[in-house]
Amino acid sequence: MSVKVQTIGIAGAGAWGTALANAAAIAGNDVILWMRSPEQAADLAATRMNERCLPGARLLDRIVPTADLSQLASCCAVLLVTPAQTTREMVLALSPILPAETPLVLCAKGIEQKTGAFLCDVVEEVRPGSSVAVLSGPSFAHDVARGLPTAVTLACLDPALAEDLATALSGPTLRVYHRTDVRGVEIGGAAKNVLAIACGAVVGRGLGESAKAALIARGFAELLRFSRAYGGQAETLMGLSGLGDLVLTCSSAQSRNFSFGLRLGQGMSVEAASGGKLVEGATTASALVRLAKAKNIDMPIAEAVEQVLSGAWTLDEAVDALMNRPIKSEH
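Residues numbered from 1 in each chain as written. Predicted model: local features only at pLDDT ≥ 70, side-chain atom pairs only at ≥ 80, totals over all residues. Heavy atoms only, no water.

## As for the overall build of the protein
Definition in use: What counts as a helix is a DSSP run of H or I of at least four residues, what counts as a strand is a run of E of at least two, and both are numbered from the N terminus. Atoms counted for the radius of gyration: C-alpha only. Globule rule: 2.2 Å times residue count to the power 0.38. The cut-offs for exposure are 20% and 50% of the maximum accessible area for each residue type, with area from a 1.4 Å probe on protein chains only; residues under the lower value are buried, those over the upper are exposed, and the others partly exposed. In this analysis, two residues are considered to be in contact whenever any of their non-hydrogen atoms come within 4.5 Å of each other. Lys and Arg are tallied as positive, Asp and Glu as negative. Neither His nor the chain termini are counted. One atom stands in for each charge, and that atom is NZ of Lys, CZ of Arg, CG of Asp or CD of Glu.
Within the protein one finds 15 helices and eight strands. In terms of overall dimensions, the protein is globule-like: its C-alpha atoms have a radius of gyration of 19 Å, near the 20 Å expected for 331 residues. Once the C-alpha set of the protein is aligned to its principal axes, its extents read approximately 55 × 40 × 35 Å. Burial statistics for the protein: of 331 residues in total, 55% are counted as buried. Taking the contacts inside the protein whose residues are at least 6 apart along the sequence as the reference set, 70% of them involve residues at least 24 apart. Put simply, the protein has 28 plus and 31 minus side-chain charges, and the middle of one group is 2 Å from the middle of the other.

Below, the structure written as C-alpha cells:
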C-alpha cells in the first residue's frame, strides 16, 4: 500500500505531539492537532502557544487545533502521540472514525502493562488488518520544536508506506529514516526507558561515570537479547531507535525517565520522584520483565529497576545484586 500524505493528524497535544505537529507542518503538510480539552484547543487556536506543555514554541499557521476527534477522519495518516497505556483506548475511539486504510503511526514508547502486549499488537487486535507504523529515535520535543537537527526512524511492515510516511514527515531539520523492522524499533523505544531510570539512579547516587558507562553497555546487551528473542533485528538496535535513543535517554536530564531515576538515586520515594508526571519507563518495567522471564531472557538491570520500583529492593540492594552476580564471559 502506498499513500501520498497531504494532511497529517496528530492525536495528543503534549510536548511531543506539539513538536511533531510543527515538524510535520515544516515538512509541507497541513496538520490537525487533536487534544481532549475543548478549552485548551480554543486557547491554542487563539494564542498559537502551548505554554503548558512546550513553553516558547509557537504553533505554525498550517496547524489546526481541535477537540473534535472526527476531524481526524480526513487525514491521510494519524500520529498517535498519547501515553502508551492509553493506546488501546485511543485506537478504540478512532476505529469508527478513520477509514480502514488510514495508517496509524505509534509515537509512544512502551508495552501495555495489563496484557504485556506490544503496542502494534494492541492496534492489530482492535483494528485488524490496518496499517501501523512506529516512530522512534533519539529526540527531545524541545529540540524538534526549536528546529535543531534531529534524526529518527519510522518502521512499517509495508516498505512503500514506510518510505511515504518517512518522506512526508522529513523536513529541513527532522530527518526520518525508514525500515520494516517494526518489532525492533518498538522494543528499542520501550526498553530504553527502563534502562534510563537505572542510569539516572546511578548518577543521582554519585556512583561515577565509569558505572554509568558500564550500565549503558550492559543495558544495551540486555536490549539486544530481548529484541532477538521477540523477533527484532540486531541491525535495528544498532541504529537510531536502539543505541541512539538509549545513549540520549541515558545521558540527559531532559529525559523524564533519566530525571526520575536521578531523583530516586538522590533518595526520593517513587511517588515523589515522579512529581505527579507520567514516567513511561516506570509503567513499562514490570511488563518488560514479565516478557523477559517468559522466554528466559537474562535482564538483570531491568529486573533491578522493577524490584526498586515495586519496593522489594532498596537502591543499594539493587547495586549489590548487580555487582555480586557470578563472573562470566562478556558476550
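## A word on the environment of aspartate 158
On the secondary structure map, aspartate 158 appears in the loop between strand 7 (150-156) and helix 6 (159-169). Take aspartate 158: its relative accessible area is 19%, and that puts it in the buried class. The spacing of aspartate 158 and serine 255 is 97 residues in sequence and 31 Å in space, taken between C-alpha atoms.

## Side note on the pattern of salt bridges
Stated formally: Any Lys or Arg side-chain nitrogen located within 4 Å of an Asp or Glu carboxyl oxygen qualifies as a salt bridge.
Taken as a whole, this structure holds 12 salt bridges when the rule is applied. With a shortest N-O distance of 3.0 Å, arginine 183 and glutamate 186 are connected by a salt bridge. Of the two residues, arginine 183 and glutamate 186 are both situated in helix 7 (residues 182-204); the distance of three residues between them amounts to about one turn of the helix. The same class applies to arginine 183 as to glutamate 186, namely buried. Across the salt bridge formed by aspartate 316 and arginine 205, the nearest N and O atoms sit 3.0 Å from each other.

## Brief notes about the packing of helix 4 (residues 119-126) against helix 7
To be explicit about the condition: Each axis is a line fitted through C-alpha atoms, taken for helices only over the stretch in contact, and angles between the N-to-C directions span 0 to 180 degrees. Here is the rule for angles: anything less than 35 degrees is roughly parallel, anything more than 145 is roughly antiparallel, 65 through 115 is roughly perpendicular, and the remaining ranges are oblique. Just so you know the grouping, Ala, Val, Leu, Ile, Met, Phe, Trp, Tyr, Cys and Pro go in nonpolar, Asp, Glu, Lys and Arg go in charged, and all remaining residues, Gly too, go in polar.
The interhelical angle for the contact between helix 4 and helix 7, taken along N-to-C directions, is 125 degrees, at an axis separation of 9 Å. Comparing their axes, helix 7 and helix 4 come out oblique. Judged by residue contacts, Leu119, Cys120 and Asp121 of helix 4 engage Val182, Arg183 and Glu186 from helix 7. Considering only residue class, the contact of helix 4 with helix 7 consists of three nonpolar, no polar and three charged.

## Comments concerning the side chain of threonine 102
The topology assignment puts threonine 102 in the loop between helix 3 (87-94) and strand 5 (104-106). When its relative accessible area of 4% is taken as the criterion, threonine 102 is described as buried. Among residues more than four places away in sequence, those in contact with threonine 102 are Cys75, Cys76, Ala77, Val78, Arg127 and Ser131.

## Here's the deal with the UniProt feature "active site" (unreviewed entry) in the protein
To be explicit about the condition: UniProt positions are given in the numbering used here, feature names are shortened, and annotations may be inferred rather than shown by experiment.
Per the UniProt record, "active site" (unreviewed entry) is annotated on Lys192. Within the secondary structure, lysine 192 is located in helix 7. Taking the relative accessible area as the measure of exposure, lysine 192 reaches 5% and is therefore buried. Not counting chain neighbours up to four residues away, the residues in contact with lysine 192 comprise Lys109, Leu223, Asp245, Leu246 and Thr249.

## Here we look at the pairing of strand 7
Heads up, the rule is: One bridge is not enough; two strands pair if DSSP finds at least two bridges between them. Whether a crossover is right-handed depends on one test, that the path from the first strand over the helix to the second runs clockwise when the strands point away from the viewer.
Strand 7 sits mainly inside the fold: six of its seven residues count as buried. In the sheet, strand 6 (residues 132-136) pairs with strand 7 via four bridges, with the strands oriented antiparallel. Its bridge partner lying in strand 7, leucine 135 is registered against leucine 154. Pairing between strand 7 and strand 8 (residues 174-179): six bridges, direction parallel. Paired with valine 152 across the two strands is valine 176, which belongs to strand 8. Note on the crossover from strand 7 through helix 6 to strand 8: the handedness is right-handed.

## Overview of the layout of surface pockets
In plain terms, the rule: The distinction between a cavity and a pocket rests on a 1 Å grid over the protein atoms alone: a 1.4 Å probe fits inside a cavity but cannot get out, while a pocket stays open yet meets protein on both sides within 12 Å along at least five of seven lines, and a residue with an atom within 4 Å of a point counts as lining. Grid points are joined across faces, edges and corners, and a volume is the space filled by probe spheres set on the points. Domain ranges listed in this record stem from an automatic or a database domain assignment.
What the largest pocket holds in volume is close to 1500 Å³. Contributing to the lining of the largest pocket are 46 residues, with Gly14, Ala15, Trp16, Ala141 and Arg256 lying nearest its centre. Among the secondary structure elements, those contributing two or more residues to the lining of the largest pocket are helix 1 (15-26), helix 2 (38-47), helix 5 (141-145), helix 7, helix 10 (240-249) and helix 11 (256-265). The biggest single contributor to the lining of the largest pocket is helix 11, with four residues. In terms of residue class, the lining of the largest pocket is made up of 18 nonpolar, 17 polar and 11 charged. Domain assignment of the residues forming the lining of the largest pocket places at least three in each of domain 1 (7-180) and domain 2 (190-324). In this structure, the second largest pocket is lined by 30 residues; those nearest its centre are Arg218, Ile301, Leu322, Met323 and Arg325.

## Section: the UniProt feature "binding site: NADPH" (unreviewed entry) in the protein
Mapped onto the present numbering, the UniProt feature "binding site: NADPH" (unreviewed entry) falls at Trp16, Arg36, Lys109, Ala141, Arg256, Leu278 and Glu280. Spanning 265 residues, the annotated positions stay apart in the fold, the maximum distance between their C-alpha atoms being 22.5 Å. As for the largest pocket, its lining draws on Trp16, Arg36, Lys109, Ala141, Arg256, Leu278 and Glu280 from among the annotated residues. Mapping arginine 256 onto the fold places it in helix 11. Apart from the residues lying within four places of it in its own chain, the contact partners of arginine 256 are Lys277, Leu278 and Val279. Mapped onto the secondary structure, glutamate 280 falls in helix 13 (residues 280-294). In this view, glutamate 280 contacts Pro83, Ala84, Ala108, Lys109, Asn193 and Asn257; residues no more than four positions away in its chain are not counted.

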